[in-house]
Amino acid sequence: MVAESGWQLEAFPYNDPGSLPVTPLCDQDGSRVRIGIELPGRTLQLRVWQARVGKTMLYLLDTNDPLNSPWDRGISANLYAAGKEKRFLQEIVLGIGGWLLLEQLGIEVEVCHLNEGHAAFAVLARAVSYARRTGLPFEAAWWATRAGNVFTTHTPVAAAFDQFPPDMVLRYAQRIIELSGLPAEQLLSLERQNSHDPDEPFNMAFLAIRGCGHVNGVSRLHGQVSRQLFAPLFAGWPVAEVPVSHVTNGVHVPTWDSAEANQLWSQAFGTGERRWVQNLEEATASVKQLSLDEIWNFRAKARNTLVDYVRRRLARQYREHGASPDVVHRAEHVLDPNVLTIGFARRFTEYKRPNLLLHDVERLVRMIRASDRAIQLIVAGKAHPNDDQGKAMVQAMVHFARREDVCDRVVFLEDYDMVLAQHLVGGIDVWLNTPRRPAEACGTSGMKVVVNGGLHLSQRDGWWDEAYTPNVGWAIDDGCGDSALEVDVRDALRLYDILEQQVIPEFYNRDAEGLPSAWVERIQASMSQLTAPFSSDRMVQDYANLAYLPAAEAFLKRTAKQGLLARELTAWHNTLDDCWRNVRFGTVHVEREGEQWLFTAQLYLGELSSEQVRVELFADSADAGQPIAAPMLLRGPLLGSVQGFQYRGSVPADRPAEHYTARIMPFQPAAQVPLEAAHICWQH
């Protein structure tokens, strides 16, 4: 909620498990299942709760056990733990405790998916567990299990990765270090950019990327950003080849379609909720069969439902604040169900720029108060409890909503939660999003309005960068300038221009029957083109095909025959570490043969064999596409040399020969390079 001053206030109420839809996890004799984690001087006991979600069992870990000390009982009390130490212990509970629970339940895991680096300790716990069960050395167990781990990063800035002091890690992770059998510094090097710097903080994202066989961001643009963020771990490699792909997020459509939208979809395609499971693309294409009148009437009903809900909720909000009956009565009559309704609801934080709309307040007021083409705003959101800048943005929006000249057309709703979100996405005409590009990893709120016929107006960031086309919504062009302030000013002015010149006229340009044909055609295009591609149905298929199935296959291969392949990969990698320093180029000759450049390179591989490396000719793309990487083939040994070889390769002569350079990389058919072996040697 917010105080009378408009300042956000937080509350962390205790959730009594007895009042929640969870039950204790018990063993066969009825005793509660507990997971013990060895910490300095004590064993932390984790209680386990279970909740059935559809056909899936969800397990929840809880430190609020009477067997723990009062301080330890509070480890899982709230998400925003105070201090590094408690946050670090939360991640031990999640990663190590989570893996120990799977073991205790006897769940055989082929693929372990880490969402963000918070659970990264699971990759260590999994390797230690596998080594203990099979008798493999820890390094071989690491190579075996990492193939079955998938890491999805959701963070678009390096400063947001969780980092912890080395001494804290050594103190609390001592048991894992002992079980691994590795020197502490060797294990800690997995979490550092510079493995030789003992003072570098422990980075959970680095541990995750080094312990997984697949890494992805959550939108196409975020994949590009993530490759830049993780580039320091792959020194010498072009950013385009940093091994981070992307799987764009999607939303669970049945959760977010409103009653009005559900009725429309049923009218278009039938089969009830099963349509979201059986044939999503066919269901969304069926919207094209609906008349514009049907779509416009559906949107009018949805907007009216939202206005009714907002009036009730705002009146209750004022009553809870002890407002006068006159104020409550006025709240029961805010908004107009026939006015263009713009929504903004999300976390209030600096990079999301929630107050960009307030850049020129008087210009905004003129749009709100226009007699014939007005707009109205419904805003909701919260700031992080420790983010005073975000709270100041909440306060500014609250003060604006209280202005006497706009308070009947601008509403700020407190206590933003999933229930409120469901109502908002069901009835909003235009969903506004204003992040500072490229700081938005994906953003899914705009996807939720699509199924409900809402339109999206956003910066081309996150998912909207790949979803936007001129016929489905509007995009704020990137501002340019020397500072964030200049970018913000230009983006704000562009936002006002889009509203005044495109959005508002299109909504109010009606025919004799009251139909805004261009607006409804845009709704039809948005619903039919965007619902399926940005659904969780598509997202899960992508994860299965691009990550889970390849990861499972690789894990099974590496663990077959008592981990034979994992042992071979360990030996191969150790050889690379010991011998790569002696890999170098000799002379490289180039000559033209017809329409080809022919390169002949002399290589000296030291103690490595030619089977352990791959040689290529590399050039950056000439048109911002994928780089060119053409193989060079072994021609034979160099006369008078020890481990010297000659390689030859050709490339089209449609660009200068000096655009190409030769390079040497590790090679092993079962290894992922550079994810699992980042060595590289360049001609230049």
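Every value quoted in this text rests on a predicted model; they were computed, and no experiment measured them. (Residues numbered from 1 in each chain as written. Predicted model: local features only at pLDDT ≥ 70, side-chain atom pairs only at ≥ 80, totals over all residues. Heavy atoms only, no water.)

**Q** Run through the overall build of the protein, naming residues and quoting values.
**A** If you tally the helices and strands in the protein, you get 23 helices and 23 strands. The globule rule puts the C-alpha radius of gyration for 684 residues at 26 Å, and the 29 Å found for the protein is close to it. With respect to the principal axes defined by its C-alpha atoms, the protein has extents near 95 × 75 × 50 Å. Scored against the burial criterion, the 684 residues of the protein give a buried share of 53%. (Helix = DSSP H or I, 4+ residues; strand = E, 2+ residues; numbered from the N terminus. Rg over C-alpha atoms; globule rule 2.2 N^0.38 Å. Buried < 20%, exposed > 50% of the residue type's maximum accessible area, 1.4 Å probe, protein only.)

**Q** Got a sec to walk through a negative patch on the surface? Specific residues and values, please.
**A** On the surface, a cluster of negative charge is contributed by Asp293, Glu294, Asp511 and Glu513. If you trace the backbone, Glu294 turns up in helix α14 (residues 292–320). Owing to a relative accessible area of 31%, Glu294 belongs among the partly exposed residues under this scheme. (Patch = residues over 30% accessible without salt bridge, like charges linked within 9 Å, V, L, I, M, F, W, Y side chains within 5 Å. Areas by Shrake-Rupley, 256 points an atom, 1.4 Å probe, with all protein chains shown as cover. Salt bridge = Lys/Arg side-chain N within 4 Å of Asp/Glu carboxyl O. Lys, Arg positive; Asp, Glu negative; His and termini not counted. Charge placed at Lys NZ, Arg CZ, Asp CG, Glu CD.)

**Q** Tell me about the packing of helix α2 (residues 84–105) against helix α3 (residues 121–134), residues and numbers included.
**A** Between α2 and α3, the shortest axis-to-axis distance is 8 Å and the interhelical angle comes to 35°. For the crossing formed where α2 meets α3, the hand is right-handed. Here Phe88, Glu91, Ile92, Gly95, Ile96, Trp99 and Glu103 of α2 lie close against α3, whose contacting residues are Phe121, Ala122, Ala125, Arg126, Ser129, Arg132 and Arg133. Class assignment for the residues of the contact of α2 with α3 results in seven nonpolar, two polar and five charged. (Axes fitted to C-alpha atoms, helices over the stretch in contact; angles between N-to-C directions. Left-handed = near helix turned anticlockwise from the far one by under 90°. Contact = heavy atoms within 4.5 Å. Nonpolar A, V, L, I, M, F, W, Y, C, P; charged D, E, K, R; others polar.)

**Q** Describe unusual backbone geometry, with residues and values.
**A** Here Arg437 and Pro438 are connected by a cis peptide whose omega angle stands at 0°. Of note, the amide linkage connecting Val673 to Pro674 takes the cis form, showing an omega dihedral of 10°. The residue Pro674 is located in the loop between β22 (661–666) and β23 (681–682) in this model. The backbone of Asp415 sits at a positive phi, close to 55°, despite the residue not being glycine. Here Asp415 is to be found in the loop between β13 (410–413) and α18 (418–427). For Gln562, which is not glycine, the phi torsion reads 55° and is therefore positive. By the secondary structure assignment, Gln562 is in helix α23 (residues 536–579).

**Q** Which residues make up the packing of aromatic side chains, and what values do they have?
**A** Both the distance between ring centres and the angle between the ring planes are used here to describe each pair of aromatic rings. All chains considered together, the criterion is met by 22 aromatic pairs. An aromatic cluster of three or more residues is present, and its members are Phe88, Phe121, Phe164, Tyr172 and Phe202. It is Arg126 that lies over the ring of Phe555; its NZ or CZ is 4.7 Å from the centre. We note Arg346 situated over the ring of Phe344; from NZ or CZ to the ring centre the distance is 4.5 Å. (Phe/Tyr/Trp six-rings, centres within 6.5 Å; stacked < 30°, edge-to-face > 60°. Lys NZ or Arg CZ within 6 Å of the ring centre and 35° of its normal.)

**Q** Tell me about the sheet that holds strand β21 (residues 644–652), and please be specific about residues and values.
**A** What the seven strands build is an open sheet, ordered β17-β18-β21-β20-β19-β22-β23; its pairing is antiparallel. On the outer flanks of this sheet lie β17 (584–593) and β23, each paired with one strand and no other. The sheet contact formed by strand β19 (residues 613–619) and β22 spans six bridges and is antiparallel. Of the residues in β22, the one forming a bridge with Val613 is Pro666. (Pairing = 2+ DSSP bridges.)

**Q** Describe the environment of Ala261, with residues and values.
**A** As for its placement among the helices and strands, Ala261 is situated in helix α11 (residues 259–269). For Ala261, a relative accessible area of 0% translates into the label buried. As for Ala261 and Pro17, which are separated by 244 residues in sequence, their C-alpha atoms are 35 Å apart. Ignoring any residue separated from it by four or fewer positions in sequence, one finds Ala261 in contact with Phe298, Val451 and Asn452.

**Q** Go over the pairing of β19, please, and point to the residues and values.
**A** Along β19, six of the seven residues are buried, which leaves the element largely enclosed by surrounding structure. With five bridges joining them, β19 and strand β20 (residues 628–637) adopt antiparallel strand pairing. Pairing of Phe618 across the sheet is with Ala629, part of β20.

**Q** Just give me the short version of the environment of Phe164, but keep the residues and values in it.
**A** Residue position: Phe164 is located in strand β7 (residues 163–164). Assessed through its relative accessible area of 2%, Phe164 is described here as buried. With 76 residues separating them in the primary sequence, Phe164 and Phe88 have C-alpha atoms 7.3 Å apart. Contacts of Phe164, omitting those with residues within four sequence positions, involve Lys84, Arg87, Phe88, Glu91, Val169, Pro201, Phe202 and Met204.

**Q** Help me get a handle on the sheet that holds strand β14 (residues 430–433), residues and values and all.
**A** If you walk across this open sheet you meet the six strands as β13-β12-β11-β14-β15-β16, and the pairing is parallel. Here the strands that pair on one side only, and so sit at the sheet edges, are β13 and β16 (473–476). For this sheet the average axis-to-axis angle between neighbouring strands, irrespective of direction, equals 20°. Taken together, the four bridges between β14 and strand β15 (residues 455–459) define a ladder with parallel strand orientation. Opposite Leu432, over in β15, you have Leu457 as the bridge partner. Packing against the sheet, helix α16 (residues 361–369) makes contact with β12 (375–382) and β13, and its axis sits at approximately 125° to β12.

**Q** Tell me about the pairing of strand β2 (residues 34–39), and please be specific about residues and values.
**A** Residues of β2 alternate between two faces, with Ile35, Ile37 and Leu39 buried on one and Arg34, Gly36 and Glu38 left unburied on the opposite face. Direction of pairing for β2 relative to strand β3 (residues 42–53): antiparallel, over a ladder of six bridges. Within the sheet, the bridge partner assigned to Gly36 lies in β3 and is Gln45. Remark: two residues form the turn of the hairpin made by β2 and β3, two consecutive strands paired antiparallel; Gly41 in that turn has positive phi of roughly 80°.

**Q** Give a description of a nonpolar patch on the surface that names residues and reports values.
**A** A surface patch of nonpolar side chains, about 320 Å² in accessible area, is lined by Phe12, Leu79 and Tyr80. Along the chain, Leu79 falls in the loop between α1 (70–73) and α2.

**Q** Can you break down the packing of α11 against α14 residue by residue, with the values?
**A** Axis separation between α11 and α14 bottoms out at 9 Å; the angle between their running directions is 160°. The angle between α11 and α14 places the two elements in the roughly antiparallel class. Once α11 is placed against α14, the crossing between them reads as right-handed. Each of Glu260, Ala261, Leu264 and Gln267 in α11 lies in contact with α14, whose residues at this interface are Glu294, Phe298, Lys301, Ala302 and Thr305. (Parallel < 35°, antiparallel > 145°, perpendicular 65-115°, else oblique.)

**Q** Quick one: what's the story with the side chain of His214, residue by residue and with numbers?
**A** Along the chain, the position of His214 falls in strand β9 (residues 214–217). Classification of His214 by relative accessible area gives buried; the value is 13%. Contact partners of His214, with chain neighbours within four places excluded, come to Asn149, Val150, Phe151, Ser245, Leu546, Ala547 and Leu675.

**Q** Pulling in residues and values, what's your account of the pattern of salt bridges?
**A** This structure, assessed with the given rule, holds 37 salt bridges. Where Asp542 meets Arg538, a salt bridge forms, and the shortest distance between an N and an O atom there is 2.9 Å. With Asp542 and Arg538 both in helix α23 and four residues apart, the pair spans about one turn of that helix. A relative accessible area of 24% places Asp542 in the partly exposed class. Judged by its relative accessible area of 17%, Arg538 falls in the buried class.

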